[in-house]
Amino acid sequence: MGLFSKIKNMFKGYDEEEKNTAEEKIDEDESEEEDESIEIEEENESFEENEESESDGLEQGEEVFEKVEEPKKKKGNFFGFGSKKEKKVEEEKKSVKVYEKGLSRSREGFVSKLANLTNKYKKITDEYFDELEEILIMADIGVNTVMDFMDRLRERVKEESITDPSVLKEIIVDELFIIYVNDEVISNKINYREDGPTIVLFIGVNGVGKTTTIAKLANKMIDEGKKVLMVGADTFRAGAVEQLREWSVKVGAGFYGKEESDPASVVYDGIELAKKDQYDVVLIDTAGRLQNKVNLMKELEKINKVIDSLVEGGASETLLVIDATTGQNGISQAKAFQEITNITGIVLTKLDGTAKGGIVLAIKESVGIPVKYIGLGETKDDLQVFDIEKYIYGLFKDMM
């Protein structure tokens, strides 16, 4: 079974489950209404039969009244919640909906063009391949990625003697994501330390949503029961430290930062505070002045030396934050930062604001760094752990 079919069947189950749940709810409501109706009829008959005896009738009438008013027990545990399994299923459904909604612009732009192309051609021709190539490039997948992809696609068409574009539709989805996975075991999780604080370093140019991303991730970690400290080491940009401080108050995280101080010294003091107060995670904001790469590289080197001296193994993660709406410029930023420091993962923000969702594939192919989180909206729940299967569903839902 191809990846397309696997994902189609997987999320078809969610849709059917929602439909079944709705139908079950209607059946339950109707059943409850019938039971209430029977109870009322039985109670009326009982009251009429005993009306001859005024005292007995009154007593039985009171008993009936009490029975009718007795509240029905709610399903679930004492607090009204379902099991852990049910809660997990609900969280998964919610996550899928966020992907579906957040990728709607990309889906409308990219997938609708792909569908129109399939309807336009009855047979696979050179003109079909040319138009497909243009659609993929316009989706921000990247020229090199598209060229490699088209070679693979032409080879499969030739080997399998495929002539119908509608058959090729599923193969296109499979091949695109084979490019992303590339036979690798891709981790989208934070590597938490078992002893001492987990250090997560955030880098990225100004304006990509770095500070907001730190706040959203802190909120997510706090919800998971972790004690989080936010450290404002972007002392170069005016107001950056104060902005992070305000976010720490909103999400309920600890904070350490100093205006107009050496970033490395701020990191040192912040980690010392985290060790002293037994914080689980330290999220460090850094400067994003990529236009002066030499100074930025020296600053990050100094920060990493400080972290290495205080925490065995150094930073667990160095996450590069990229604005998805900047397209190929975001890939250029990734390559530039890759020259400066070791990046363990990408956070792709504002993916809901672009019709070019293919940038996820382009980044992975261009710099070989996995996307760990994606931003699909403005609320705290819209920062999602990147899941390739949910991404496929969100992007290609209309084709499934």
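Residues numbered from 1 in each chain as written. Predicted model: local features only at pLDDT ≥ 70, side-chain atom pairs only at ≥ 80, totals over all residues. Heavy atoms only, no water.

### Brief notes about the overall build of the protein chain
Convention followed: For the purposes of this entry, the term helix denotes a DSSP run of H or I that reaches at least four residues, the term strand denotes a run of E that reaches at least two, and both are numbered from the N terminus. Three exposure classes are used, based on accessible area relative to the maximum for each residue type with a 1.4 Å probe and protein chains only: buried under 20%, partly exposed in between, and exposed over 50%. The criterion used for residue contact is that any of the two residues' heavy atoms lie within 4.5 Å. Note on areas: Shrake-Rupley with a 1.4 Å probe; residue coverage comes only from the protein chains shown.
Of regular secondary structure, the protein chain possesses 14 helices and 8 strands. Taken across its 400 residues, the protein chain has 44% of its residues classed as buried. Summarising the internal contacts of the protein chain: among those between residues at least 6 apart in sequence, 75% fall at separations of at least 24. Here the protein chain has roughly 21,700 Å² of accessible surface; of this, 47% comes from carbon and sulfur atoms.

### Overview of the confidence of the model for the protein chain
Going by this rule: Per-residue confidence from the predictor is reported as pLDDT, which spans 0 to 100.
Chain-level pLDDT for the protein chain is 81 on average; 78% of the residues reach the 70-or-more range. Low pLDDT (under 50) marks residues 46-81, which in the prediction has 13 contacts with non-local residues, meaning those over four places away or in another chain.

### Regarding the packing of aromatic side chains
Operational definition: The criterion for an aromatic pair is that two Phe, Tyr or Trp rings (for Trp, the six-membered ring) have centres within 6.5 Å, with stacked assigned to planes under 30 degrees apart, edge-to-face to planes over 60 apart and tilted to the rest. Either the NZ atom of lysine or the CZ atom of arginine qualifies as a charge over a ring when it sits within 6 Å of the ring centre and within 35 degrees of the ring normal.
Per the counting criterion, the structure on display carries 3 aromatic pairs. Considering the side-chain rings of Tyr 121 and Tyr 128, the 5.8 Å spacing of their centres and the 85° angle between planes classify their relative orientation as edge-to-face. One exposure class covers both Tyr 121 and Tyr 128, and it is buried. When the ring centre of Tyr 279 is taken as reference, the NZ or CZ atom of Lys 227 above it lies at 4.6 Å. Over the aromatic face of Phe 236 sits the side chain of Arg 289, whose NZ or CZ is 4.3 Å from the ring centroid.

### Quick notes on helix H12 (residues 328-340)
Spelled out, the test is: Residue count minus one, scaled by 1.5 Å, sets the expected span of a helix.
In this model H12 runs 19 Å from its N-terminal to its C-terminal C-alpha over 13 residues, within 8% of the 18 Å that 1.5 Å per residue would give. Here H12 has its buried residues at Gly 330, Ile 331, Gln 333, Ala 334, Ala 336, Phe 337 and Ile 340. Where the residues of H12 are buried, they touch strand E1 (198-203), helix H11 (293-310), strand E5 (317-323) and helix H13 (359-367).

### Digging into the nonpolar core
Test applied: Put simply, a nonpolar core is a bunch of buried Ala, Val, Leu, Ile, Met, Phe, Trp, Tyr and Cys residues held in one set by side-chain atoms that sit within 4.5 Å of each other.
Membership of the largest hydrophobic core comes to 86 residues, with the highest contact counts inside it found for Phe 110, Leu 176, Leu 348, Leu 351 and Phe 396. Ranked by residues supplied to this core, first place goes to helix H7 (residues 165-181) with 8 residues. Among all residues touching Phe 110, those that are not within four sequence positions of it are Ile 135, Leu 136, Ala 139, Leu 176, Leu 395 and Phe 396. Counting 19 residues, the second-largest nonpolar core is a separate cluster that includes Ile 199, Val 231, Val 267 and Val 282.

### Concerning the pattern of salt bridges
As a reminder, the rule being used: Counted as salt bridges are all cases of a side-chain nitrogen of Lys or Arg within 4 Å of a carboxyl oxygen of Asp or Glu.
Applying the stated rule across the entire model yields 19 salt bridges. Across the pair Arg 156 and Glu 160 runs a salt bridge, and its minimum N-O distance is 3.1 Å. Taking the relative accessible area as the measure of exposure, Arg 156 reaches 21% and is therefore partly exposed. On the accessibility criterion, Glu 160 (41% relative accessible area) is partly exposed.

### Here we look at the packing of H7 against H13
Definition in use: Every axis corresponds to a line fitted to the C-alpha atoms, with the helix fit spanning only the stretch in contact, and the corresponding angles, defined between N-to-C directions, vary from 0 to 180 degrees. Comment on the angle field: the value is read as roughly parallel under 35 degrees, roughly antiparallel over 145, roughly perpendicular from 65 to 115, and oblique elsewhere. A crossing counts as left-handed when the near helix is turned anticlockwise from the far one by less than a right angle, and as right-handed when that turn is clockwise. Classification convention: Asp, Glu, Lys, Arg as charged; Ala, Val, Leu, Ile, Met, Phe, Trp, Tyr, Cys, Pro as nonpolar; all other residues, Gly among them, as polar.
Direction vectors running N to C along H7 and H13 enclose 40°, while the axes themselves pass 8 Å from each other. In terms of their interaxial angle, H7 and H13 are classed as oblique. Helix-helix and strand crossings are classified by hand; for H7 and H13 the assignment is left-handed. Together, Leu 176, Phe 177, Ile 179 and Tyr 180 of H7 and Val 360, Leu 361, Lys 364 and Glu 365 of H13 make up the contact between the two elements. When its residues are assigned to classes, the contact of H7 with H13 shows 6 nonpolar, no polar and 2 charged.

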